[in-house]
Number of protein chains: 2
Amino acid sequence: MDFAQYFPIWDKLNANQQERIRSVSDLRKFKSGTLLHDGSPDCLGMLLVRSGQLRAYLLSDEGREVTICRFFEMDICLFSASCVMPNMQFNIFIEAEKDSEVWIIPACLYQNLMDESIAISNYSHSLISNHFSELMWLMEQIMWKSFDKRLAAFLLEESAVENTLSLKITHEKIANHMGTAREVVTRMLRYFQSEGMVTLTRGAVDIADRKRLLELSE
Amino acid sequence: MDFAQYFPIWDKLNANQQERIRSVSDLRKFKSGTLLHDGSPDCLGMLLVRSGQLRAYLLSDEGREVTICRFFEMDICLFSASCVMPNMQFNIFIEAEKDSEVWIIPACLYQNLMDESIAISNYSHSLISNHFSELMWLMEQIMWKSFDKRLAAFLLEESAVENTLSLKITHEKIANHMGTAREVVTRMLRYFQSEGMVTLTRGAVDIADRKRLLELSE
């Protein structure tokens, strides 16, 4: 499979546009844990994921994190191209959560394409609309859902993403995803364990009662 | 002044597009307090504010509110046109905060224009990008800024919007803007009063020390 199979709306671009975007897009590899974008106003470019997994997150002054969204195979990430997102604030961090292969599409080219191709422009609009919608959902969760429900939902999502009931994840990492302190996560996980919903071992959370977690999350 | 003066990027539309959009846009008046959009998936259309002030907010199951953004003269609101925002969740409420005159632009026409005009498509992209950026800012505030800072920032913003140091607003209303309980607002305002930053009277909050509120908010 090559670039054309991964790039969304490829068929809606003309041959000239296809050639321009393909010729300047640079395939790079990032080890798990690598920071691709560090919240600076640098305009790295759009990221198109070939394999692996990226995570976009916010970072507070005190070093607390909260996950905004994740990008999987064939996803395009605009957050690393602040110049394409007018008035975007530059506080989003992006890291590789797994070993990843990512095409970097120069923002200036993408900007040019947005000015000449309605398909690209409308596609970008729908991408941002999706992110906006997800961010609204996340904000509702944070504001109004109690932490036990949020944690149950997070464990289930993580289980679906990794396709396993045995999550290799530390309490610290969970806290970073959810924008809270490690102690809060540990306390709640211990409660879940006492209720038979999970089993805790060093560096892992095993889901013991998926059905009850699901009921709790809803 | 007529529609053409209020509609952004009017000059980038051709005569045919201008005529289509002007002929179907309906000017309506809403009394302060009127709900224009009630979180349902109904696609009311885009809103273009001629005068007055609109507020978009989220509402929790328990009836708590939090303000997402406000729209003033010449602003366009897309949230009332879920059909133009792919995958948008339908939980945004929109109310007139003041007596307002608003043009309603049918969503189907706007959708058509997005498919034929790059100017409209890119403009919509930048609108959503702005909202996304604001929502990120709001989320950071909520997650990481202590409530005293948020409240100080809110009072100063309100003061700028209303162009007065004497805010005619109840504690209940402030709580609705900020997604918290009235008691929390009252407690903090009393603390502000004890510190000489505000003076509280029935139905009003007077800003007594703007400089200190500013320092606190930063």
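Residues numbered from 1 in each chain as written. Chains lettered and ligands numbered in written order. Predicted model: local features only at pLDDT ≥ 70, side-chain atom pairs only at ≥ 80, totals over all residues. Heavy atoms only, no water.

Asker: What is the right way to read the overall build of chain A from this model?
Answerer: Broken down by element type, chain A carries eight helices and eleven strands. In terms of overall dimensions, chain A has a C-alpha envelope of 60 × 35 × 30 Å along the principal axes. Put simply, chain A has 218 residues, and 55% of those count as buried. Pairs at least 24 residues apart make up 69% of the contacts formed inside chain A by residues separated by at least 6 positions. Counting only carbon and sulfur atoms, one obtains 48% of the accessible surface of chain A, whose full area is about 9,700 Å². Separation of charge centres in chain A, based on 23 positive and 30 negative side chains, amounts to 5 Å. (Helix = DSSP H or I, 4+ residues; strand = E, 2+ residues; numbered from the N terminus. Buried < 20%, exposed > 50% of the residue type's maximum accessible area, 1.4 Å probe, protein only. Contact = heavy atoms within 4.5 Å. Areas by Shrake-Rupley, 256 points an atom, 1.4 Å probe, with all protein chains shown as cover. Lys, Arg positive; Asp, Glu negative; His and termini not counted. Charge placed at Lys NZ, Arg CZ, Asp CG, Glu CD.)

Asker: Sorry if this is basic, but what is going on with the nonpolar core here?
Answerer: The nonpolar side chains of a soluble globular protein tend to be buried with one another. With 102 residues, the main nonpolar core has Phe7(A), Phe79(A), Met139(A), Phe7(B), Phe79(B) and Met139(B) as its most contacted residues. Phe7(B) has contacts with Leu13(B), Ile21(B), Leu48(B), Ile76(B), Ile105(B) and Ile120(B), leaving out every residue within four places of it along the chain. Listed in part, the 22 residues of the second largest apolar core include Leu156(B), Leu189(B), Val198(B) and Leu216(B). (Core = buried A, V, L, I, M, F, W, Y, C linked by side-chain atoms within 4.5 Å.)

Asker: I would appreciate a short explanation of the interface of chain B and chain A in the present structure.
Answerer: Quite often, the size of an interface is put as the accessible area lost when its parts meet. At the interface, 44 residues of chain B touch 44 residues of chain A. Carbon and sulfur atoms make up 68% of the area that chain B and chain A hide from each other, which totals about 3,900 Å². The three residues of chain B that bury the most area against chain A are His125(B), Phe132(B) and Trp144(B), which together make up 20% of that side's buried surface. Viewed at the interface, chain A and chain B are joined by zero salt bridges. Put simply, chain B and chain A have seven residue pairs in polar contact (both at pLDDT 80 or more) between them. Among the elements of the structure, β4 (54-59), β5 (65-71), α3 (107-116) and α4 (118-144) of chain B are those that each provide at least two residues to the side of chain B that touches chain A. In terms of residue count, the dominant contributor to the side of chain B that touches chain A is α4(B) (21 residues). Its residues assigned to classes, the side of chain B that touches chain A shows 24 nonpolar, 15 polar and five charged. (Buried area = accessible area lost by both parts, 1.4 Å probe. Salt bridge = Lys/Arg side-chain N within 4 Å of Asp/Glu carboxyl O. Polar contact = N/O pair within 3.5 Å; in protein donor to acceptor, adjacent residues only side chain to side chain. Nonpolar A, V, L, I, M, F, W, Y, C, P; charged D, E, K, R; others polar.)

Asker: Any chance you could explain the relation of the copies chain B and chain A here in plain terms?
Answerer: One copy of the chain maps onto the second through a rotation about an axis and a displacement along it. Relative to chain A, chain B is turned by 180° and slid 0.0 Å along the rotation axis, the superposed coordinates differing by an RMSD of 0.1 Å. These values place the two chain copies in the arrangement generated by a two-fold rotation axis. Judged by C-alpha distance, His125(B) is the residue of chain B that lies nearest the rotation axis, at 2.3 Å. In this assembly, 100% of the residues forming the interface of chain B have copies in chain A that are likewise at the interface, indicating an isologous arrangement. (Least-squares fit on C-alpha atoms with pLDDT ≥ 70 in both.)

Asker: Would you mind showing me how to read the packing of aromatic side chains here?
Answerer: Geometrically, a pair of aromatic rings is defined through the distance of the ring centres and the angle of the planes. The full count for this structure, using the stated rule, is 18 aromatic pairs over all chains. Relative to Trp10(A), the ring of Phe3(A) has its centre 5.6 Å away and its plane inclined at 80°; by these criteria the two rings are edge-to-face. Here Phe3(A) falls in the buried class, since its relative accessible area comes to 4%. Aromatic side chains Phe132(A) and Phe79(B) sit 5.2 Å apart centroid to centroid with 15° between the ring planes, which places their arrangement in the stacked category. Pair noted here: Phe132(A) is in helix α4 (residues 118-144) and Phe79(B) is in the loop between β6 (76-77) and β7 (92-96), and the two residues belong to different chains. A cation over a ring is seen here: Arg55(A) above Tyr57(A), with NZ or CZ 4.1 Å from the ring centre. (Phe/Tyr/Trp six-rings, centres within 6.5 Å; stacked < 30°, edge-to-face > 60°. Lys NZ or Arg CZ within 6 Å of the ring centre and 35° of its normal.)

Asker: Sorry if this is basic, but what is going on with the packing of helix α2 (residues 15-24) of chain B against α3(B) here?
Answerer: When two helices pack together, their arrangement is captured by the angle between the axes and the distance separating the axes. All names here are of chain B. Running from N to C, α2 and α3 point in directions that differ by 165°, and their axes come no closer than 11 Å. Between α2 and α3, the angle is such that the two are roughly antiparallel. Here α2 runs over α3; the crossing is left-handed. Residues Gln17, Arg20, Ile21 and Val24 of α2 form the contact with α3, whose participating residues are Leu109, Asn112, Leu113 and Glu116. Across the contact of α2 with α3, the residue classes tally to four nonpolar, two polar and two charged. (Axes fitted to C-alpha atoms, helices over the stretch in contact; angles between N-to-C directions. Parallel < 35°, antiparallel > 145°, perpendicular 65-115°, else oblique. Left-handed = near helix turned anticlockwise from the far one by under 90°.)

Asker: Would you take a moment to explain helix α7 (residues 182-194) of chain B for this structure?
Answerer: Residues that lie three or four places apart on an α-helix share one face, since the helix turns once every 3.6 residues. All names here are of chain B. Taking 1.5 Å per residue, 13 residues should reach 18 Å; α7 reaches 18 Å between its end C-alpha atoms and fits that length. Every buried residue of α7 is listed here: Val185, Thr186, Met188, Leu189 and Phe192. Lining the buried residues of α7 we find α5 (147-162), α6 (171-178), β10 (198-201), β11 (204-207) and α8 (210-217). Following α7 by one or two positions, glycine 196 has its phi on the positive side, about 80°. (Expected span 1.5 Å × (residues − 1).)

Asker: Could you clarify how one ought to interpret the pattern of salt bridges in this entry?
Answerer: Close approach of charged atoms lets side chains of opposite charge pair. Residues and elements named next belong to chain A. Evaluated as defined, the whole model comprises 24 salt bridges over all chains. Here glutamate 97 ties to arginine 70 by a salt bridge, and the two come within 3.1 Å at their closest N and O atoms. Remark: arginine 70 occurs in strand β5 (residues 65-71) and glutamate 97 occurs in the loop between β7 (92-96) and β8 (100-105); sequence separation between them is 27 residues. Glutamate 97 sits in the buried class, given a relative accessible area of 19%. Residue arginine 70 is classed as buried on the basis of its relative accessible area, which comes to 11%. In this structure, a network of salt bridges that share partners links the residues Arg70, Glu97, Glu157 and Glu158.

Asker: I tried to follow the packing of helix α5 (residues 147-162) of chain A against helix α6 (residues 171-178) of chain A on my own but got confused; where do I start?
Answerer: Residues and elements named next belong to chain A. Contact geometry of α5 with α6 gives a least axis separation of 11 Å together with a crossing angle of 110°. It follows from the interaxial angle that α5 and α6 lie roughly perpendicular. Across from Phe147, Arg150, Leu151, Phe154 and Leu155 in α5, the residues of α6 making contact are Ile174, His177 and Met178.

Asker: Before we go on, may I ask you to explain the sheet that holds β7(A) in this structure?
Answerer: What links the strands of a sheet is backbone hydrogen bonding, and the strands pair in either a parallel or an antiparallel sense. Overall, antiparallel pairing links the four strands, which are arranged β2-β7-β4-β5 (chain A) in an open sheet. The open sheet terminates on both sides in strands that have one partner only, identified here as β2 (35-38) and β5 of chain A. Strand-to-strand twist in this sheet, taken as the mean axis angle between neighbours without regard to direction, amounts to 20°. Sheet strands in contact with α4(B) are β4 (54-59), β5 and β7 of chain A, and its direction is about 145° off that of β5(A). (Pairing = 2+ DSSP bridges.)

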